[in-house]
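Fold and geometry: a report
Single-letter residue listing:
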Amino acid sequence: DVKVTQSSRYLVKRTGEKVFLECVQDMDHENMFWYRQDPGLGLRLIYFSYDVKMKEKGDIPEGYSVSREKKERFSLILESASTNQTSMYLCASQSSTDTQYFGPGTRLTVL
Amino acid sequence: GENVEQHPSTLSVQEGDSAVIKCTYSDSASNYFPWYKQELGKRPQLIIDIRSNVGEKKDQRIAVTLNKTAKHFSLHITETQPEDSAVYFCAASKGLGYGGSQGNLIFGKGTKLSVKP
């Protein structure tokens, strides 16, 4: 079974704080993704990565950065959290058969 | 780029009835179409997928149909049960074989299905 884990299920931060969300997969997948999920807006792609050290902007990268130092780990960074970044964040990894497997999600609240 | 439209946004059915969710896509080169189910508070999970060389695929009470000419695909759930209540997402991609971001999934905005007992 593919296992994708995220560092926190719930997180509360204050405006201006630096926030790290971590995602780990155990299936040696090359492709990993960070999405943001908001009611009525579906899943919006923030950043993705095809390999270690590689990163590509998705549809809504503003205010976010990512890091992929190891193949199994993909981190999402909010350099200075703002209230409009309050959301559910989902990480996914992609198998060679195209299927994406999601982590449990991190519900981030920025006060 | 690819665009995926999903309808309806909400769907309410009586237990035992059938439910149908429809998606259209814009890029005729798309060839992989998965469906995800997301129960409240849980992660999206793949429930069924279909590739462009197949017109229909079934798995027990769920089925997916694909019309390449019209560029639409549908999820059919028969004999619905309360545990089918969830948000369902469709997606489309060209597949990893195209390379680069063309293997990324483009998601519809989701359908909230409620099954009333």
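Description of the structure in this document. (Residues numbered from 1 in each chain as written. Chains lettered and ligands numbered in written order. Predicted model: local features only at pLDDT ≥ 70, side-chain atom pairs only at ≥ 80, totals over all residues. Heavy atoms only, no water.)

Quick look at the state of the cysteines
- What the rule picks out here adds up to two disulfides over all chains.
- The disulfide partner of Cys-23 of chain A is Cys-91 of chain A, and the S-S distance across this bridge is 1.9 Å. Its S-S torsion of approximately -75 degrees makes the covalent link between Cys-23 of chain A and Cys-91 of chain A left-handed. Placement of the pair is Cys-23 of chain A in strand E3 (residues 19-25) and Cys-91 of chain A in strand E9 (residues 87-94), with a sequence separation of 68 residues.
- Since its relative accessible area comes to 0%, Cys-91 of chain A is described here as buried.
- Disulfide pairing places Cys-23 of chain B opposite Cys-90 of chain B at an S-S distance of 1.9 Å. A torsion of -100 degrees about the S-S bond marks the disulfide between Cys-23 of chain B and Cys-90 of chain B as left-handed. Separated by 67 residues along the polypeptide, Cys-23 of chain B in strand E3 (residues 19-25) and Cys-90 of chain B in strand E9 (residues 86-92) bring together distant segments of the chain.
- Residue Cys-90 of chain B is classed as buried on the basis of its relative accessible area, which comes to 0%. (Disulfide = S-S within 2.5 Å. Helix = DSSP H or I, 4+ residues; strand = E, 2+ residues; numbered from the N terminus. Buried < 20%, exposed > 50% of the residue type's maximum accessible area, 1.4 Å probe, protein only.)

Some words on the sheet that holds E3 of chain A
All names here are of chain A.
- Reading across from one edge, E1-E3-E8-E7 is the order of the four strands in this open sheet, with antiparallel pairing throughout. Taken across any chain shown, the strands that pair with only one partner, and hence form the sheet edges, are strand E1 (4-6) and strand E7 (65-70). Taken over all neighbouring pairs, the strand axes of this sheet differ in orientation by 20 degrees on average, direction set aside.
- As judged from the three bridges shared by E1 and E3, these two strands associate in the antiparallel manner. Considered in E3, the bridge of Thr-5 is made with Val-24. (Pairing = 2+ DSSP bridges. Axes fitted to C-alpha atoms, helices over the stretch in contact; angles between N-to-C directions.)

Digging into the environment of Val-110 of chain A
All names here are of chain A.
- Tracing the backbone shows Val-110 in strand E11 (residues 106-110).
- Given a relative accessible area of 5%, Val-110 falls into the buried group.
- Residues Val-110 and Gly-16, spaced 94 residues apart in sequence, show a C-alpha to C-alpha distance of 9.0 Å.
- Each residue touching Val-110, except ones within four places of it in the same chain, is listed here: Lys-13, Arg-14, Thr-15, Ala-81, Ser-82, Thr-83, Gln-85 and Thr-86. (Contact = heavy atoms within 4.5 Å.)

What to know about the interface of chain B and chain A
- Between chain B and chain A, the residue contacts involve 19 residues of the former and 24 residues of the latter.
- For the chain B and chain A pair, buried surface summed over both sides reaches about 1,700 Å², with 52% attributable to carbon and sulfur atoms.
- At the junction of chain B with chain A, the criterion picks out one salt bridge.
- Between Asp-98 of chain A and Arg-51 of chain B there is a salt bridge whose closest N-O contact spans 2.7 Å.
- Where chain B meets chain A, there are ten residue pairs in polar contact (both at pLDDT 80 or more).
- Contributing elements (two or more residues each) for the side of chain B that touches chain A: strand E4 (32-38) and strand E5 (45-51) of chain B.
- When its residues are assigned to classes, the side of chain B that touches chain A shows eight nonpolar, seven polar and four charged. (Buried area = accessible area lost by both parts, 1.4 Å probe. Salt bridge = Lys/Arg side-chain N within 4 Å of Asp/Glu carboxyl O. Polar contact = N/O pair within 3.5 Å; in protein donor to acceptor, adjacent residues only side chain to side chain. Nonpolar A, V, L, I, M, F, W, Y, C, P; charged D, E, K, R; others polar.)

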